[in-house]
Number of protein chains: 2
Amino acid sequence: MVKQDRAIRTRQTILAAAAKVFEEHGYQAATISEILTTAGVTKGALYFHFPSKEHLAEGVLHEQDQLLPIPDRNCKIQQFVDTVMLHAHRLQTDAMVRAGVRLSLDQQALGIDRSGPFLRWSQISRELLEKAQAQGELLPHVDAVETADVMVGSFAGVQAMSQAVSDHQDLPQRVNALLRHVLPSVVMPSVLASVDLTGARGAAVDAELRAHHLAQQPTPPAQPAQPAPVS
Amino acid sequence: MVKQDRAIRTRQTILAAAAKVFEEHGYQAATISEILTTAGVTKGALYFHFPSKEHLAEGVLHEQDQLLPIPDRNCKIQQFVDTVMLHAHRLQTDAMVRAGVRLSLDQQALGIDRSGPFLRWSQISRELLEKAQAQGELLPHVDAVETADVMVGSFAGVQAMSQAVSDHQDLPQRVNALLRHVLPSVVMPSVLASVDLTGARGAAVDAELRAHHLAQQPTPPAQPAQPAPVS
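Here we summarise the structure given alongside this text. (Residues numbered from 1 in each chain as written. Chains lettered and ligands numbered in written order. Predicted model: local features only at pLDDT ≥ 70, side-chain atom pairs only at ≥ 80, totals over all residues. Heavy atoms only, no water.)

A few words now on the overall build of chain A. The number of helices and strands found in chain A is 11 helices and zero strands. Looking at chain A as a whole, 51% of its 231 residues are labelled buried. Restricting the contact set of chain A to residue pairs at least 6 apart, pairs at least 24 apart contribute 68%. Accessible area for chain A stands at about 11400 Å²; split by element, carbon and sulfur atoms hold 57% of it. (Helix = DSSP H or I, 4+ residues; strand = E, 2+ residues; numbered from the N terminus. Buried < 20%, exposed > 50% of the residue type's maximum accessible area, 1.4 Å probe, protein only. Contact = heavy atoms within 4.5 Å. Areas by Shrake-Rupley, 256 points an atom, 1.4 Å probe, with all protein chains shown as cover.)

Spelled out as structure tokens, the structure:
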């Protein structure tokens, strides 16, 4: 069990290092030896978890997809907005997410199936929009599949533009503007009026998730009382 | 004059070759020697026009920007839509445009100012939207600068997604979907009702521009009558 925990930690360390190197240099220029140095693990450990650079990139892309779940909201459009805004916040704050997005847009990463993240995000968006539709939150003409694709594609470009012009500093405002341009064409006005689209939403949801995660951790066993240090 | 014509032709040949190589391999992996081979020009000619790979990439980005002008339309939103749809069509059909977009999204092209094309497209979009606004085509709350940025960012991502999932085959439909999602939030319904947003619009505008360009060429001198071929 302890051994398994250590393996999971090593795998995470390697993925974090790979994310850093991929984000800095892109797929093609990234080298396994730089990832090794950054991770500070043995060559054997790295190859045990990831037999090639392609496996490392797929690991980062997969890891990025693990970060998605948002608690269920009564209003499915709010849940959709929260998912989008949280992703924008993580792009600003989490190197793994940045590396994943970079790899998805990196045409040089030829060996890798780049359509995967687009299609997975479309799937997640579609499911939320279909739930919203079933609850009567969407305008009658909306095709959830099409709207999901428009949102996923648009988001990818808006983040690329934000990265190019401000290194992601203006991302929350740009995503807010995107939502204000797209949602009125698909959401019932009465629903939209009570949805929070503000740029600060991503950080708030992130804090909510962390608090929730901490609350779910088992309480650590009480530490034996330490003798007071002699000052 | 003839010498100057030849220099312009050589420059174009080099840029077309650079576009092809940048599109295939990305900025970092592209080599001057492959561009040389593809262009079939001398090393001296290439370095005379473009002293470095960076100059070649900037040349391609600049060339892409030269392809924009659409004839004036009475309805400025139609002119805006035509500009967007023509760009989508050219992405499908013109390697120079594809290479320019790829370089703009290519984070590996570190030496190059990648924000340039985003900002130039924003500027062009903003001018058209401001004209539309002055003619009363837009809803009263619209901020033309913000809407221009949303459209430019969204378009960049929608084309990247189309490239990843269908090699640009479904681009006209995706751009049509984007326009149907964004324009109702900014354009007066009475104007929108008579705007053509169909995916076939890009090819139609391209044909219109080519016909216009041909009509403006000086008529070639009449050819001497040829003897009928002996069959």
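The next point concerns the interface of chain B and chain A. If you look at the interface, chain B gives 39 residues, while chain A gives 39 residues. Taken together, the two surfaces of chain B and chain A that pack against each other cover about 3100 Å², and 56% of this comes from carbon and sulfur. Counting the contacts that link chain B with chain A gives four salt bridges. Scanning the region where chain B abuts chain A turns up eight residue pairs in polar contact (both at pLDDT 80 or more). Elements supplying a minimum of two residues to the side of chain B that touches chain A: helix H1 (2-29), helix H6 (95-105), helix H7 (115-134), helix H8 (144-166) and helix H9 (171-182) of chain B. Counting residues per element, the side of chain B that touches chain A draws most heavily on H8 of chain B, at 15 residues. Its residues assigned to classes, the side of chain B that touches chain A comprises 18 nonpolar, 14 polar and seven charged. (Buried area = accessible area lost by both parts, 1.4 Å probe. Salt bridge = Lys/Arg side-chain N within 4 Å of Asp/Glu carboxyl O. Polar contact = N/O pair within 3.5 Å; in protein donor to acceptor, adjacent residues only side chain to side chain. Nonpolar A, V, L, I, M, F, W, Y, C, P; charged D, E, K, R; others polar.)

Residue and element names in this part refer to chain A. Where helix H5 (residues 76-93) meets helix H9 (residues 171-182), the axes come as close as 9 Å, and the angle between the chain directions of the two elements is 155 degrees. By the angle between their axes, H5 is roughly antiparallel relative to H9. Judged by the sense of rotation from one axis to the other, the crossing of H5 with H9 is right-handed. Residues Val81, Val84, Met85, Ala88, Leu91 and Gln92 of H5 touch H9, and the partners they reach there are Leu171, Pro172, Val175, Asn176 and Leu179. (Axes fitted to C-alpha atoms, helices over the stretch in contact; angles between N-to-C directions. Parallel < 35°, antiparallel > 145°, perpendicular 65-115°, else oblique. Left-handed = near helix turned anticlockwise from the far one by under 90°.)

It is worth spelling out the relation of the copies chain B and chain A at this point. Copy one and copy two of the chain differ by a rotation about a common axis and a shift along it. Relative to chain A, chain B is turned by 180 degrees and slid 0.0 Å along the rotation axis, the superposed coordinates differing by an RMSD of 0.0 Å. Taken together, these values place the two copies in the relation of a two-fold axis. Here 100% of the contact residues of chain B are again contact residues in chain A; the copies associate through an equivalent surface. (Least-squares fit on C-alpha atoms with pLDDT ≥ 70 in both.)

Looking now at the packing of helix H8 (residues 144-166) of chain A against H9 of chain A. Residues and elements named next belong to chain A. For the pair H8 and H9, the least separation of the axes is 10 Å and the interaxial angle reads 150 degrees. In terms of orientation, H8 lies roughly antiparallel with respect to H9. Read as a crossing pair, H8 and H9 show a hand that is right-handed. Touching Met151, Ser154, Phe155, Val158, Gln159, Met161, Ser162 and Val165 of H8 are Leu171, Arg174, Val175, Leu178, Leu179 and Val182, all from H9. Along the lines of polarity and charge, the residues of the contact of H8 with H9 split into 10 nonpolar, three polar and one charged.

On to the environment of Val187 of chain B, then. All names here are of chain B. Mapped onto the fold, Val187 is located in the loop between H9 and helix H10 (189-192). With 54 residues separating them in the primary sequence, Val187 and Gln133 have C-alpha atoms 9.1 Å apart. Once you skip the residues sitting within four places of it in the chain, Val187 turns out to touch Ile77, Glu137, Leu138, Leu139 and Leu192.

Time to look at the packing of aromatic side chains. Residues and elements named next belong to chain A. On inspection of all chains with the given rule, the structure shows two aromatic pairs over all chains. Each ring, one from Phe22 and one from Tyr27, has its centre 5.8 Å from the other, and the planes form 25 degrees; the classification is stacked. Judged on exposure class, the residue Phe22 and its partner Tyr27 are both buried. Over the ring of Tyr27 we find Lys53; its NZ or CZ atom is 4.8 Å from the centre of that ring. (Phe/Tyr/Trp six-rings, centres within 6.5 Å; stacked < 30°, edge-to-face > 60°. Lys NZ or Arg CZ within 6 Å of the ring centre and 35° of its normal.)

Every α-helix carries 3.6 residues per turn, so stepping three or four residues along brings you back to the same face. Its 12 residues place the ends of H9 of chain B 16 Å apart at the C-alpha level, agreeing with the 16 Å of an ideal helix rising 1.5 Å per residue. Within H9 of chain B, 10 of the 12 residues are buried, leaving the element largely enclosed by the surrounding structure. When H9 of chain B is considered as a whole, its buried residues turn out to be Leu171, Pro172, Arg174, Val175, Asn176, Ala177, Leu178, Leu179, His181 and Val182 of chain B. Looking at the buried residues of H9 of chain B, the elements they touch are H8 and H9 of chain A together with helix H5 (76-93) and H8 of chain B. (Expected span 1.5 Å × (residues − 1).)

Applying the stated criterion across every chain, the model contains 24 salt bridges over all chains. Put simply, Arg73 of chain B and Asp82 of chain B hold a salt bridge, and the shortest N to O gap is 2.7 Å. Asp82 of chain B carries the same exposure label as Arg73 of chain B, and that label is buried. Overlapping salt bridges, with partners in common, bring together Arg73, Asp82, Asp196, Arg201 and Glu208 of chain A in one network.

Residue and element names in this part refer to chain A. Compared with the 33 Å implied by 1.5 Å per residue over 23 residues, the 32 Å span of H8 between its first and last C-alpha is a close match. Here H8 lies mainly inside the structure; 19 of its 23 residues are buried. Two to three positions downstream of the cap, the backbone nitrogen of Val145 sits 3.0 Å from a side-chain oxygen, assigning the N-cap of H8 to Asp143. Phi turns positive, to about 55 degrees, at Asp167, one or two residues after H8.

The phi dihedral of Asp167 of chain A falls on the positive side, at around 55 degrees, and the residue is not glycine. The exposed category is assigned to Asp167 of chain A, whose relative accessible area is 54%.

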